[in-house]
Amino acid sequence: MTNLRVDLDYSGIQNKELLDYQKEVKAVHQELYSNPNSEFDFKGWLDLPINYDKKEFERIKKVAKKIQKNSEVLLVIGIGGSYLGARAVIEALTNTFYNMLPAKQRKYPQILFAGNNLSPNYMNDLIECIGEKDISINVISKSGTTTEPAIAFRIFREFMESKYGLDEARKRIYVTTDKDKGALKQLADEEEYETFVIPDNIGGRYSVLTAVGLLPIATAGIDIDKLMLGAIEAKSRYLDDNIKYNECYQYAVARNILYKKGKTNEILVNYEPKMAYFTEWWKQLFGESEGKNKKGIFPCGALFTTDLHSLGQYIQEGKRNLFETVISIEESKTDIKIKKDAENLDGLNYLEGKTMDFVNKKAMEGTIEAHIFGNVPNIKISITKLNEEAIGELIYFFELACAVSAGLLKVNPFNQPGVEAYKKNMFKLLGKP
Ligand code: PA5
């Protein structure tokens, strides 16, 4: 049990306003669960926690072990939905300075990322950082044609082949892509790379619990069985179409109510730096799913208390089109007691015996109160601990909430036609045939 809870007490939303959505929610729920596995509807993620390729799941664990044994670095090449989920989970569940720890302490390979930008500096710095280390690559692209990962993979294929020779390079390259379409699939077949499949009925931003996320996550030593258990828990917990009993649907409805009241920007707030990339994953999930037909809440993120010293002023007193969704982690994994200082020059002795987590929690309580006073409604989502189960549950919770929220907004959550606009212009400027 992960005990995820949604608290709307400070959202300014009355119970009646929520319940008024019951009919609409029921309709969206029915639409979502009618023919859930239709390949064309991209709803495979709904049943994924129980309905996944068990053989492939075991193979992921086996390959992760192999990479842990023969590599100091796993380079994950991908962008958007083929990147953010893995990074979010790894950063949430490993040491904050994981990649910087000495190998012995880290126990598992460094996990580095490429193909998520077009900066030559990033690429050259990455190559310098990898240096002579032993490396494996997981290149991930559902379409198999995305420019950023394709360029990165071209560069790193050459890197691998000159470092290891053709045969050994082939054994160290793992491809996650469509089961039969796309340039990457063709390349993988020709080069005989080991491949993993992104199911047809699961879109990029909903794919973290497929091989897309699971291979890098397992390689970082994270228990993917427990991650799936958390998602299973969420799947069964949020099945009820009655808003009264379904906190996931309450969150989806609350967002829509606030949106209609002019709160067009949602800030996902964390007080734990480990969750910074979870916010990035969440931003893509909601941004690409809802931002269509001139509609949608703009999803942004903040890390507190860090950003209270940068965005805090705007949130407190700027344009009043914001609401906050705070993820509260009740029990910190570790803590530090503040000691007495004989001279007390910093004036902190009043905190003697208190812990840093206690101070962090008081900062959270005080900030929520101040922001409510500043007319920034608050939704609080609490988890007991930051562990595999909780992250699995949060992933499924937000995926489902996003689909329902988009349904209420009457946009299709599973396409992203707008992403093509920049590509079209870029290809024209690049003279792509
Ligand atoms: O959610 C999505 O579908 C997108 O963000 C894709 O994941 C992203 O564009 C990468 O696409 P691909 O996996 O085809 O390289």
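Okay, so let's go over this structure.

Cut-offs and rules
- Residues numbered from 1 in each chain as written.
- Predicted model: local features only at pLDDT ≥ 70, side-chain atom pairs only at ≥ 80, totals over all residues.
- Heavy atoms only, no water.
- Patch = residues over 30% accessible without salt bridge, like charges linked within 9 Å, V, L, I, M, F, W, Y side chains within 5 Å.
- Areas by Shrake-Rupley, 256 points an atom, 1.4 Å probe, with all protein chains shown as cover.
- Salt bridge = Lys/Arg side-chain N within 4 Å of Asp/Glu carboxyl O.
- Helix = DSSP H or I, 4+ residues; strand = E, 2+ residues; numbered from the N terminus.
- Pairing = 2+ DSSP bridges.
- Axes fitted to C-alpha atoms, helices over the stretch in contact; angles between N-to-C directions.
- 1 Å grid on protein atoms, 1.4 Å probe; cavity = no way out; pocket = protein on both sides within 12 Å on 5 of 7 lines; lining within 4 Å.
- Points joined across faces, edges and corners; volume = space filled by probe spheres on them.
- Nonpolar A, V, L, I, M, F, W, Y, C, P; charged D, E, K, R; others polar.

**Thoughts on a nonpolar patch on the surface**
Okay, so step 1: A contiguous nonpolar surface patch, about 250 Å² in accessible area, is contributed by I50, L229 and I232.
Okay, so step 2: By the secondary structure assignment, L229 is in helix α11 (residues 224-237).

**Examining the sheet that holds strand β7 (residues 265-270)**
Okay, so step 1: If you walk across this open sheet you meet the five strands as β1-β10-β9-β7-β8, and the pairing is mixed. The open sheet has two free edges, formed respectively by β1 (5-7) and β8 (298-303), since each of these has just one partner strand. Averaged over all pairs of adjacent strands, the angle between strand axes in this sheet comes to 20 degrees, irrespective of strand direction.
Okay, so step 2: Pairing analysis gives six bridges linking β7 to strand β9 (residues 322-331), with the strands arranged parallel. Counted as the bridge partner of E266 is F323 from β9.

**Side note on the layout of surface pockets**
Okay, so step 1: Roughly 1100 Å³ of internal volume is contained in the largest pocket.
Okay, so step 2: Lining the largest pocket are 39 residues, with T96, E272, K274, S332 and T334 positioned closest to its centre.
Okay, so step 3: Of all the elements in the fold, those that place two or more residues in the lining of the largest pocket are α5 (84-93), α6 (103-106), β9 and α15 (356-373).
Okay, so step 4: Its residues placed into classes, the lining of the largest pocket shows 17 nonpolar, twelve polar and ten charged.
Okay, so step 5: Here the second largest pocket defines a volume of roughly 810 Å³.
Okay, so step 6: Within the residue set of the lining of the second largest pocket, elements represented by two or more residues are β4 (135-141), α8 (147-171), α13 (276-290) and α17 (420-430).
Okay, so step 7: Broken down by element, the residue count for the lining of the second largest pocket peaks at three residues, all from α17.
Okay, so step 8: Residue composition of the lining of the second largest pocket, by class: eight nonpolar, twelve polar and nine charged.

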